[in-house]
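For reference, the chains in residue letters:
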Amino acid sequence: MSTLGKILIDRGVMTGSDLIVATAMQVRQDADLGDILLANNMVSEAQLYSGLAKQYGCATADLNAEPPDIRLVAGIDPSFCIKNRIIPWKRVGAVTLIATSRPEHFAGIMAKLPDEFGSVMMVVAPLSAINQSLLHFRHHSLAKRAESRVDPTESCRDWNTRSVTTMALLLLAVLITVAFVAPFALLLVLIGCGIAALVLNTGLKAAAALASYYGAPLTAPTFLSARRPNQMMRLPKVSILVPLFRERRIANRLVRRLGRLNYPRELLEICLIVEQDDTTTQSALKEANLPAWMRQITVPRGELKTKPRALNFALDFCNGAIIGVYDAEDAPEADQLFKVARRFHEAGPKVACLQGVLDFYNPTTNWISRCFTIEYASWFRVVLPGLQQLGLVIPLGGTTLFFRRDALEKIGGWDAHNVTEDADLGIRLARRGYKTELIATLTKEEANCETWPWIRQRSRWLKGYAITWAVHMRSPRALIRDLGLKRFIGVQIIFLGTLTQFILAPVLWSFWAVPLGIYHPIQSVLSPTAFYLLTGMFFMSEIITLLIGIFALAPTGHKRLWMWIPTLHMYFGLAVIAAYKGIWELFSKPFYWDKTAHGVVSSTPPKDSGTSIHT
């Protein structure tokens, strides 16, 4: 019997049978006994820390009634305090009292404390109170750290809008000059660039589809049972970060959806991240009656207000060995976290990130949601698995992402200024030698089904693609060295090729004039055979898109969407508008986060959200 368990039983706050159950859990889980007791409501927080104080022969500290001395708190790195779950409390004579929620580890950190503290003595306090005090006294430095965790050479935070604008104006001036001097030559160049982007993007998608079809299916870990003993692994603690902003309509649904996760509660913490001035979401969460394993983390005010900044800030305050990210509208499979834990255990330390498959629970709301569902199916079930099979860099999605905490911290977390922090993170992981895998687990979310919100969301993605490409191309030689030539070329096609294709799409649309009997200038330089070959190439591109869509929808419950695949040509036309909006914002507001509205669709996803995810 553990010392702490005996103390709690002797005090009559816990039964012997509860201790037996908790001890059995600890054998197969990477969790402290105290966390298990709290998560399963076997003891209260006050009873637990009073028992710990008794076990280690020290006092308890009420940080709410008697706050820490700000002079002591200012003399120590807040990140060190968060990591070690301590905070300097007060001085009593020549002794500095240090509050800790992990007294069993205190001896190991005493030598790392500032010399100015002199003699130190341990007192015990709840982790929640320690974190709350650190947030109160050191929120400015913690917020600054969240904005600058990534190395400056890999971050876009020093994006020089004036220089970018100057270069863009010079390029525009050159184009206008050429348009007056040699308009036909300019048209040929633009058409050539547009065709090259189309061919490269279509070719990469076709290669990815073939690799996905002939390659192995997505990784499907075997360890699924919630409580099945396993001699080979102890379940790790998982922290899920859920950034929220102005989510009045989604809070209660989010709690219900994440409540379906069947991972042991003592090993799960859901961190709902809200901005300090977002009173809308804070009020909604107060009404949601959060369970003990969900908690709110409030991000201090700042000039920057982005999802990656919020994620960086919360990262320090969560305790899991695995860090997951969900969006506000997500409905993950119940056993998803078991699959993630098992795959990380099987894969080895070089696999630093797992990307789940995304789908929508409102695919038939309207035409946009239908096309969005087809696009996501093609991307997550065909293209991304194919890129993995080809050994190329995987641009991550923004949700159902899971990281090894140590790897995430080594690369500096998320770039707080990048509006596609997920795609950027995929490149940075690859540059450090880490691998990303897709995993056979499904999360359903809400398809953005309104035209202008869809354009706004897509403009943010494309703006982020442009910034990400520019940041990593500061030194092309270094990028080739880090990635190798094959993956370097893949990055060029995925990022620069995608942007070029959408920007120059109107030039290629001019070929629609030919079937209408309108003369196209390029006909003067191409033979009829060459022109028909060009037309055949356009037709083949549409056929490949059609086949990939059919292939992607086959294992899902969305087969009725097949008839809508031909309309993707018009659907992607909206992305052209988004591309020009995103390019404009590169000069006007590069770090502006164009938020996606959630909770527009009132329907709730079915409890069994699983569909086949074999590719």
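Residues numbered from 1 in each chain as written. Predicted model: local features only at pLDDT ≥ 70, side-chain atom pairs only at ≥ 80, totals over all residues. Heavy atoms only, no water.

Quick word on the overall build of the protein
Okay, step 1: In terms of regular secondary structure, the protein is built from 23 helices and twelve strands.
Okay, step 2: Taken against the 2.2 N^0.38 rule, which gives 25 Å for 615 residues, the C-alpha radius of gyration of the protein at 27 Å falls within 12% of a compact globule.
Okay, step 3: Out of the 615 residues in the protein, the part that is buried amounts to 54%.
Okay, step 4: On the protein, roughly 26,800 Å² of surface is accessible, and the fraction owed to carbon and sulfur atoms is 60%.
Okay, step 5: One way to put it: in the protein the 65 positive side-chain charges average out to a point 3 Å from where the 49 negative ones average out. (Helix = DSSP H or I, 4+ residues; strand = E, 2+ residues; numbered from the N terminus. Rg over C-alpha atoms; globule rule 2.2 N^0.38 Å. Buried < 20%, exposed > 50% of the residue type's maximum accessible area, 1.4 Å probe, protein only. Areas by Shrake-Rupley, 256 points an atom, 1.4 Å probe, with all protein chains shown as cover. Lys, Arg positive; Asp, Glu negative; His and termini not counted. Charge placed at Lys NZ, Arg CZ, Asp CG, Glu CD.)

Observations regarding helix α19 (residues 476-483)
Okay, step 1: Taken together, the buried positions of α19 are occupied by A478, L479 and L483. In an axial view of α19, the angular spread of the buried residues amounts to 115°, which keeps them on one side of the axis. Seen from the open side of α19, the exposed residues pointing more than 90 degrees away from its buried face are R477 and R481.
Okay, step 2: Next to the buried residues of α19 lie α17 (421-431), α18 (451-472) and α20 (485-503). (Arc of directions from axis to C-beta. Contact = heavy atoms within 4.5 Å.)

A word on the packing of aromatic side chains
Okay, step 1: Scanning the model with the defined rule gives 19 aromatic pairs in all.
Okay, step 2: Where F511 meets F531, the ring centres are 6.2 Å apart and the plane angle is 40°; that geometry is what we call tilted. Taken together, the positions of F511 in the loop between α21 (505-509) and α22 (528-553) and F531 in helix α22 put the pair 20 residues apart, joining distant regions of the chain. Grouping residues by exposure puts F511 and F531 together as buried.
Okay, step 3: One aromatic cluster in this structure is built from F360, W367, F372, Y376, F380, W454, W461, F502, Y571 and F572. (Phe/Tyr/Trp six-rings, centres within 6.5 Å; stacked < 30°, edge-to-face > 60°.)

Topic: the packing of α18 against α20
Okay, step 1: Where α18 contacts α20, the axes come no closer than 10 Å and their chain directions differ by 130°. Classified by the angle their axes make, α18 and α20 are oblique. Every pair of crossing elements has a handedness; the one defined by α18 and α20 is left-handed. Together, L462, Y465, A466, T468 and W469 of α18 and Q492, I494, F495, L496, T498, L499 and F502 of α20 make up the contact between the two elements.
Okay, step 2: Residue classes in the contact of α18 with α20 are distributed as nine nonpolar, three polar and no charged. (Axes fitted to C-alpha atoms, helices over the stretch in contact; angles between N-to-C directions. Parallel < 35°, antiparallel > 145°, perpendicular 65-115°, else oblique. Left-handed = near helix turned anticlockwise from the far one by under 90°. Nonpolar A, V, L, I, M, F, W, Y, C, P; charged D, E, K, R; others polar.)

A few points about unusual backbone geometry
Okay, step 1: The backbone phi angle of R85 is positive, close to 60°, even though this residue is not glycine.
Okay, step 2: Relative to the elements of secondary structure, R85 occurs in the loop between α6 (78-84) and β2 (86-92).
Okay, step 3: Although it is not a glycine, T400 adopts a positive phi angle of roughly 55°.
Okay, step 4: Following the sequence through the fold, T400 ends up in the loop between α15 (367-390) and β11 (401-404).
Okay, step 5: Under the relative-accessibility criterion, T400 is labelled buried at 0%.

Digging into the side chain of T567
Okay, step 1: Inspection of the secondary structure assignment puts T567 in the loop between α22 and α23 (568-588).
Okay, step 2: Its relative accessible area of 16% is what places T567 among the buried residues.
Okay, step 3: For T567, the contacting residues outside a window of four places in its chain are W367 and C371.

Observations regarding the packing of helix α1 (residues 3-10) against helix α4 (residues 45-56)
Okay, step 1: Where α1 contacts α4, the axes come no closer than 9 Å and their chain directions differ by 120°. The crossing of α1 and α4 is right-handed. On the side of α1, the interface is formed by T3, L4, I7 and L8, while α4 contributes Q47, L48, G51, L52, K54 and Q55.

As for the sheet that holds strand β6 (residues 268-275)
Okay, step 1: Taken together, eight strands build an open sheet; the order of strands is β7-β6-β5-β8-β11-β10-β12-β9 and the sheet is mixed. This sheet does not close on itself; its edge strands, each paired only once, are β7 (294-299) and β9 (331-332).
Okay, step 2: Alignment of strand β10 (residues 351-360) against strand β12 (residues 435-445), held across eight bridges, turns out to be parallel. Considered in β12, the bridge of D359 is made with K444.
Okay, step 3: Relative to β11, α17 is tilted by about 35°, and along the sheet it contacts β10, β11 and β12. (Pairing = 2+ DSSP bridges.)

Comments concerning the nonpolar core
Okay, step 1: Ranked by size, the top nonpolar core spans 169 residues in total, and within it I270, F403 and W414 carry the most contacts.
Okay, step 2: The element that contributes the greatest number of residues to this core is α15, accounting for eleven residues.
Okay, step 3: For I270, the contacting residues outside a window of four places in its chain are I240, V242, L258, L261, W293, M294 and R295.
Okay, step 4: I195, L504, L508 and F511 belong to the second-largest nonpolar core, a separate cluster that totals eleven residues. (Core = buried A, V, L, I, M, F, W, Y, C linked by side-chain atoms within 4.5 Å.)

Observations regarding the pairing of strand β8 (residues 322-325)
Okay, step 1: Side-chain alternation along β8 places I322 and G324 on one buried face and I323 and V325 on a second face that is also buried.
Okay, step 2: With four bridges joining them, β8 and β11 adopt antiparallel strand pairing. Within β11, the residue paired with V325 across the bridge is L401.

Here's the deal with the pairing of strand β4 (residues 119-124)
A regular strand places its side chains so that they alternate between the two faces of the sheet.
Okay, step 1: One ladder, built from two bridges, connects strand β1 (residues 59-60) with β4; its direction is parallel. Looking across to β4, one finds that T60 is bridged to V124.
Okay, step 2: Of the pairings in the sheet, the one linking strand β3 (residues 95-100) to β4 comprises six bridges and is parallel in character. Paired with A99 across the two strands is V123, which belongs to β4.

Re the confidence of the model for the protein
Okay, step 1: Across the protein, the average pLDDT comes to 90, with 94% of residues at or above 70.
Okay, step 2: Taken as a whole, residues 224-231 scores under 50 in pLDDT and shows 17 contacts with residues more than four places along the chain or in a different chain.
Okay, step 3: A low-confidence stretch, residues 606-612 stays under pLDDT 50, and its non-local contacts, those more than four residues away or across chains, total 18 contacts. (pLDDT = per-residue confidence, 0-100.)

Section: α23
Residues that lie three or four places apart on an α-helix share one face, since the helix turns once every 3.6 residues.
Okay, step 1: Compared with an ideal rise of 1.5 Å per residue, which puts 21 residues at 30 Å, α23 spans 30 Å between its outermost C-alpha atoms and is within 8% of the ideal.
Okay, step 2: Residues of α23 that are buried include every one of L568, Y571, G573, L574, A575, V576, A578, A579, K581, G582, E585 and L586, and no others.
Okay, step 3: Looking at the buried side of α23, the elements it contacts are α9 (161-181), α15, α18, α20, α21 and α22. (Expected span 1.5 Å × (residues − 1).)

What to know about the environment of Q355
Okay, step 1: Mapped onto the secondary structure, Q355 falls in strand β10.
Okay, step 2: The exposure class of Q355 is buried, given its relative accessible area of 0%.
Okay, step 3: Put simply, Q355 and G259 are 96 residues apart on the chain and 21 Å apart in space, counted from C-alpha to C-alpha.
Okay, step 4: Aside from chain neighbours lying at most four places away, what touches Q355 is F380, L396, G397, T399, T400, L401, E437, L438 and I439.

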